[in-house]
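Survey of secondary and tertiary structure
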Amino acid sequence: MKKNRIGLYFGTFNPVHIGHLAIANYLVEFGDIDQVWMVVTPHNPHKKKQNLLDDYQRLHMVHLATEEYEKITASNVEFGLPQPNYTVHTLAHLTEKYPDKEFVLIMGEDNLKSLHKWKNYEVILEDYSIIVYPRIGDGQIPDRFKNHQKITKIDAPIMEISSTMIRNGIKEGKDLRYYMHHDVFNYVDEMHFYRK
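Described in the following lines is the structure provided in the data block. (Residues numbered from 1 in each chain as written. Predicted model: local features only at pLDDT ≥ 70, side-chain atom pairs only at ≥ 80, totals over all residues. Heavy atoms only, no water.)

Re the pattern of salt bridges
Just so we agree on the cut-off: Salt bridges are defined by distance alone: a side-chain nitrogen of Lys or Arg within 4 Å of a carboxyl oxygen of Asp or Glu. Strands are runs of DSSP state E lasting at least 2 residues, helices are runs of H or I lasting at least 4, and numbering of each runs from the N terminus. Whether a residue is buried, partly exposed or exposed follows from its accessible area with a 1.4 Å probe, protein chains only, as a fraction of its type maximum: under 20%, in between, or over 50%, in that order.
Applying the stated criterion to the full structure yields 12 salt bridges. Here Asp110 makes a salt bridge to Arg135, at a shortest N to O gap of 3.7 Å. With Asp110 in helix α4 (residues 109–113) and Arg135 in the loop between β5 (129–133) and β6 (151–153), this residue pair connects regions lying 25 residues apart in the sequence. When its relative accessible area of 33% is taken as the criterion, Asp110 is described as partly exposed.

What follows is the structure, given as C-alpha cells:
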C-alpha cells in the first residue's frame, strides 16, 4: 500500500504570509505530495530568539491561515522536542511516530545552498527526499547537491515576500492586508503585533 506523502515545510512563520501559503498550495496541487504540514519552529538555531512572537501565537496564525484547507495543516511537533531544534531529529521523531507516512522535506533554494552546514545533513539525504522551490538570492548550490537523486527542484512561483518585510512594514504603519490570509491579518492587527 502506498504511504501518504507528507511534505514538511519548516519555518518560524513570524508571521505566516501568502508566499508560504502559495508554495504549500502549489506543492499539494501540482507536486507529488498528499499533504503539507507547516511545522512551526520554536527556535531556529540560526535566528535570534528575541525577534520571535510567542510559539503558540505563531502556531495560531498558521492554524488561522490553513483551517479551511484540508491539504495544508499546522504542526507543533517541534514544541515538545529538545531545543534548539534540528531537522534531522524532527524527521527521525516523525518517522517513528507515523510509520504509515512518507515524509519529504520542503525547502527554498537559499536553504539548499547551506544544507551542508546542517546537523547530520548526510543522514537527511540518505533517508529522505527533498523538494526545493526557487528563491532569488546570492550564492551557488554546492556541486554535491546538483543532480542529486534525492533532491527535486520544482517550478513553483517565485514569491519574494518575507516575514521581515511584513514586520518592518507594520512597524512603519503600512497596511499589508494583502500579504497575509485575511484572518491572520485581522489577528495581527487586533493583537497589535509587530508595531514596536
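From this point, the discussion proceeds with the structure in view.
So, the environment of Thr95
The condition that has to hold: Any pair of residues with heavy atoms lying within 4.5 Å of one another is described as a contacting pair. Whenever a nitrogen or oxygen atom comes within 3.5 Å of another N or O atom, the pair is scored as a polar contact, on the condition that within protein one atom can donate a hydrogen and the other can accept it, and that pairs from neighbouring residues in sequence are kept only if both atoms are in side chains.
Assignment of secondary structure puts Thr95 in helix α3 (residues 87–97). With 42 residues separating them along the chain, Thr95 and Gly137 place their C-alpha atoms 32 Å apart. If we ignore the near neighbours within four places in the chain, the residues touching Thr95 are Phe103 and Tyr128. Side-chain polar atoms of Thr95 contact the side chain of Tyr128, separated by 2.7 Å.

Considerations on the packing of helix α2 (residues 55–66) against helix α7 (residues 182–190)
Counted only if it meets this: To obtain an axis, a line is fitted to C-alpha atoms, over the contacting stretch when the element is a helix, and the angle between two such axes runs from 0 to 180 degrees between their N-to-C directions. Left-handed is the label given to a crossing in which the near helix is rotated counterclockwise from the far helix by less than a right angle, and right-handed is the label when the rotation is clockwise.
At a closest axis distance of 7 Å, the pairing of α2 and α7 adopts a crossing angle of 145°. Crossing handedness for the pair α2 and α7: right-handed. The residues of α7 that touch α2, namely those facing Gln57, His60, Met61, Leu64 and Ala65, are Asp183, Val184, Tyr187 and Val188.

Some thoughts on unusual backbone geometry
Omega for the bond connecting Asn14 with Pro15 falls within 30 degrees of zero, at 5°, which places this linkage in the cis form. Here Pro15 shows up in the loop between β1 (4–11) and α1 (18–30). Residue Pro84 follows Gln83 across a cis peptide bond; omega there is -5°. Mapped onto the elements, Pro84 comes out in the loop between β3 (72–75) and α3. Notably, Phe13 is not glycine yet its phi reads approximately 50°, a positive angle. By the secondary structure assignment, Phe13 is in the loop between β1 and α1. Note on Phe13: relative accessible area 2%, which makes it buried. Positioned with a positive phi, Asn120 is a non-glycine residue whose angle comes to about 50°.

Some details on the pairing of strand β2 (residues 35–40)
The following threshold applies: Strand pairing is assigned whenever DSSP identifies at least 2 bridges connecting the two strands. Here is how to tell: hold the view so the strands point away, follow the path from the first strand over the helix to the second, and if it runs clockwise the crossover is right-handed.
With respect to burial, β2 is a largely interior element, five of its six residues being buried. Relative to β2, β1 runs parallel, the two being bridged by six bridges. By the bridge assignment for β2, Gly11 is matched with Val40. Handedness of the β1-α1-β2 crossover: right-handed. Relative to β3, β2 runs parallel, the two being bridged by four bridges. By the bridge assignment, Val36 is partnered in β3 with Ile72.

Details of the packing of aromatic side chains
Rules: To pair, rings of Phe, Tyr and Trp, with the six-membered ring standing in for Trp, must have centres within 6.5 Å; the planes then decide the type, stacked if under 30 degrees apart, edge-to-face if over 60, and tilted in the middle.
Under the counting rule described, the total for this entry stands at 10 aromatic pairs. Between Tyr56 and Phe79, the aromatic rings sit 5.0 Å apart at their centres with planes inclined by 85°, giving edge-to-face as the arrangement. Here the residue Tyr56 occupies a position in helix α2, and Phe79 occupies one in the loop between β3 and α3, the gap between them amounting to 23 residues. Each member of the aromatic cluster is reached from another via a ring pair, and the members are Tyr9, Phe13 and Tyr133.

A few points about α7
Our working rule: Starting at the helix axis, one direction is taken to each C-beta atom, and the arc is that of these directions.
For α7, the complete set of buried residues consists of Val184, Phe185, Tyr187 and Val188. The arc that holds the buried residues of α7, viewed along the axis, is 165°, so those residues lie on one side. Here the buried face of α7 lies against α2 and α6 (163–171). Of the residues flanking the end of α7, it is His192, one or two places downstream, whose phi is positive at about 60°.

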